[in-house]
Amino acid sequence: MMFMIGQGERVVPVGEPEPQHCPRCDQERDFQPQLTYKYGEFDLLFGFVYGRRYQLACPECHHGWRLDRRLAEQRYGKPDIPFRLRFGLVILLGLFAALGAAYVANGPLA
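Just so it is clear, the model here is predicted, and its values are computed rather than measured. (Residues numbered from 1 in each chain as written. Predicted model: local features only at pLDDT ≥ 70, side-chain atom pairs only at ≥ 80, totals over all residues. Heavy atoms only, no water.)

**Student:** Any details on the nonpolar core? Residues and values, ideally.
**Tutor:** In terms of nonpolar packing, the biggest core is built from 10 residues, these being Val12, Val14, Leu35, Tyr37, Tyr39, Tyr54, Ala72, Tyr76, Ile81 and Leu85. Those elements that place two or more of their residues in this core are β3 (27-42) and α1 (69-76). Among the elements that line this core, the one with the most residues is β3, at 3 residues. With residues up to four places along the chain from it excluded, the contact list for valine 12 reads Pro33, Gln34, Leu35 and Tyr37. In terms of nonpolar packing, the next biggest core, distinct from the first, is built from 5 residues, Cys22, Phe31, Leu56 and Cys61 among them. (Core = buried A, V, L, I, M, F, W, Y, C linked by side-chain atoms within 4.5 Å. Buried < 20%, exposed > 50% of the residue type's maximum accessible area, 1.4 Å probe, protein only. Helix = DSSP H or I, 4+ residues; strand = E, 2+ residues; numbered from the N terminus. Contact = heavy atoms within 4.5 Å.)

**Student:** Tell me about a nonpolar patch on the surface, and name the residues and values.
**Tutor:** On the surface, Phe48, Tyr50, Leu89, Leu93, Leu95, Phe96 and Leu99 cluster together into a nonpolar patch covering about 670 Å² of accessible area. The set of elements that each furnish at least two residues to the nonpolar patch consists of β4 (46-57) and α3 (88-106). Ranked by the residues each element gives to the nonpolar patch, the list is headed by α3, at 5 residues. Tracing the sequence through the fold places leucine 89 in helix α3. With a relative accessible area of 40%, leucine 89 lands in the partly exposed category. (Patch = residues over 30% accessible without salt bridge, like charges linked within 9 Å, V, L, I, M, F, W, Y side chains within 5 Å. Areas by Shrake-Rupley, 256 points an atom, 1.4 Å probe, with all protein chains shown as cover. Salt bridge = Lys/Arg side-chain N within 4 Å of Asp/Glu carboxyl O.)

**Student:** Any chance you could break down unusual backbone geometry for me, citing the residues and the numbers?
**Tutor:** Phi angles above zero are rare outside glycine, and aspartate 26 is one such case at about 60 degrees. Relative to the assigned elements, aspartate 26 resides in the loop between β2 (18-22) and β3. Positive phi, normally seen in glycine, also occurs at histidine 62, with a value near 65 degrees. Inspection of the secondary structure assignment puts histidine 62 in the loop between β4 and β5 (64-67). According to the relative accessible area criterion, histidine 62 is exposed, its value standing at 61%.

**Student:** So what's going on with the packing of aromatic side chains? Which residues, and what values?
**Tutor:** Evaluation of the coordinates by the stated rule reveals 4 aromatic pairs. Where tyrosine 37 meets tyrosine 39, the ring centres are 6.3 Å apart and the plane angle is 55 degrees; that geometry is what we call tilted. In this structure, tyrosine 37 and tyrosine 39 share a single accessibility class: buried. Measuring from ring centre to ring centre gives 5.2 Å for phenylalanine 83 and phenylalanine 87, while their planes differ by 50 degrees; the resulting arrangement is tilted. Its guanidinium or amino end placed over the ring of tyrosine 39, arginine 10 lies 4.8 Å from that ring's centre, counting from NZ or CZ. (Phe/Tyr/Trp six-rings, centres within 6.5 Å; stacked < 30°, edge-to-face > 60°. Lys NZ or Arg CZ within 6 Å of the ring centre and 35° of its normal.)

**Student:** Describe in detail the environment of alanine 57, supporting the description with residues and values.
**Tutor:** Structurally, alanine 57 is set in strand β4. For the pair formed by alanine 57 and proline 33, sequence separation is 24 residues and the distance between their alpha carbons is 6.5 Å. Once residues within four sequence positions are removed from consideration, alanine 57 is found in contact with Phe31, Gln32, Gln34, His62, His63 and Gly64.

**Student:** Go over the side chain of glutamine 34 with me, naming the residues and quoting the values.
**Tutor:** The topology assignment puts glutamine 34 in strand β3. You can call glutamine 34 buried: its relative accessible area is 15%. Apart from the residues lying within four places of it in its own chain, the contact partners of glutamine 34 are Val11, Val12, Pro13, Val14, Arg53, Tyr54, Gln55 and Ala57.

Geometric descriptors of this kind do not, in isolation, establish any biological role.
Encoded structure:
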């Protein structure tokens with residue numbers, strides 16, 4: 001039996017682009033509000049999210065600003081993070097607890 005363990009990072013647009021002056025490009029650009037998050041996975045089914053960061057980024061040079069998480073979620077709403085990444089670790093722990101409880105209730109097999 002083989003288990004796969006991995007990690008990654010995703011960038012998700014969370015709202016409509018906003019015109020801003022980019023100091024790096026020195027031009028007016030439509031900055032994209034984004035959520036960047038890191039995630040870990042176990043066997044591609046059970047995951048967890050960490051390192052959430054909201055940002056406003058230039059589409060050309062990716063220069064931008066970090067946004068306050070609470071204010072960004074109020075303004076743009078909570079983004080769609082896949083179910084298996086949001087709740088996967090809780091489901092895995094629940095599965096282990098259920099298996100442990102079944103073992104304790106039935107005792108070891110002869």
